[in-house]
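Coordinate analysis (summary)
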Amino acid sequence: MAQERQDGHGAPLVRRIVAVSRTVANLGRTEAFYRDALGFAAVAPPEPVPEPILAALGLAGTAARRLQMRLGGEILAFLAFDPPGAPYPEVGANDPVFQHVAIPVRAMEPAAARLIAHHPAPISAGGPQALPASAGGVTAFKFRDPDGHPVELIHFPGGAPATRWRAAPGLFLGIDHSALSVSDLDRALAVFRDALGFRVAERGLNRGAAQARLDGLPDPEVDVLALEPAGAGTPHLELLHYRRPAAPPGPAPYGPRDRATSRLILAVRDLGAAADALAGAGCPVRRATGAAYAEGPDGHGMLLVPEA
């Protein structure tokens, strides 16, 4: 395995995932859905997007507002632009546009019942799916939020993941991970592991009828890699590489104001070194004062901010 990319302080560049950020059309509609269906709470009322972030996104001077919502110790940050960009396209779970967040639940039946009362568009066929022990033995259900972004409810039956969430209060416990569908696993690892220093914590290969129902895809076979940043805590990152059906080639043609866009907000030890590492890995990078924005090989967004 390649060595972790390190900065001058002898530590991997990425310390933690601060939040997952998504572009949406209507912050009021988004707030109501995530609050009422999933138990999130707004950190504060919507506010203008800070100018350094807009500059890093290449949208300096654009009218845009941000809503940050918390579930346990984790945050989703929603951005709405005026004028808005393109709507979310019709894509499957194997498409690199597809980036979901996984919300662990204390019990699947009441969590799914509360969610379904708010009429989300399902991705999974036939409700929550119990995966075999070879895939972790979890029960999971995938659906779309009002803008089309994919979300997963997941119940861990035991082991380290269940222990990680045992002390979290409530029915919806937090954000366990964000999963990126990638077309080239080696290329993705060159960015997240080799350039940024994420550690590969676990590897698996998921397939079978339950996986097909969960993903809404025919006969899938998917590599699942869990990657952890250097710092403690959640969320972590998952890479999903579909051996079949294969991902469509090429990065997605969407920009930050389009609703198909999600971005990882990464706290880095050295902003300049992290931007240089991504540029060296072939990722387009835009730098601003106090922030930088990069696109991975499949177009996945990464907003780099200094570690607090």
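Please refer to the structure higher up on the page.
Residues numbered from 1 in each chain as written. Predicted model: local features only at pLDDT ≥ 70, side-chain atom pairs only at ≥ 80, totals over all residues. Heavy atoms only, no water.

Another point: the side chain of D147. Structurally, the position occupied by D147 is in the loop between strand 9 (139-144) and strand 10 (150-155). According to the relative accessible area criterion, D147 is buried, its value standing at 5%. Polar contacts involving the side chain of D147 include one to the side chain of R29, which spans 3.1 Å. Among residues more than four places away in sequence, those in contact with D147 are V24, A25, R29, T30, Y88 and R259. (Helix = DSSP H or I, 4+ residues; strand = E, 2+ residues; numbered from the N terminus. Buried < 20%, exposed > 50% of the residue type's maximum accessible area, 1.4 Å probe, protein only. Polar contact = N/O pair within 3.5 Å; in protein donor to acceptor, adjacent residues only side chain to side chain. Contact = heavy atoms within 4.5 Å.)

Glancing now at the side chain of H177. Inspection of the secondary structure puts H177 in strand 11 (residues 177-181). The exposure class of H177 is buried, given its relative accessible area of 2%. A polar contact is formed between the side chain of H177 and the side chain of E238, at a distance of 3.4 Å. Beyond its immediate chain neighbours, meaning those up to four positions away, H177 contacts H100, V101, A102, E152, P235, H236 and E238.

Turning our eyes to something else, we now look at the packing of aromatic side chains. One pass over the structure, following the stated rule, counts five aromatic pairs. Plain terms: the ring middles of Y34 and F78 are 4.8 Å apart, the flat faces sit at 50 degrees to each other, and that makes the pair tilted. A residue pair is termed long-range when its members are at least 10 positions apart, and Y34 in helix 1 (residues 27-38) and F78 in strand 5 (residues 74-82) qualify at 44 residues. Classification of Y34 by relative accessible area gives buried; the value is 0%. (Phe/Tyr/Trp six-rings, centres within 6.5 Å; stacked < 30°, edge-to-face > 60°.)

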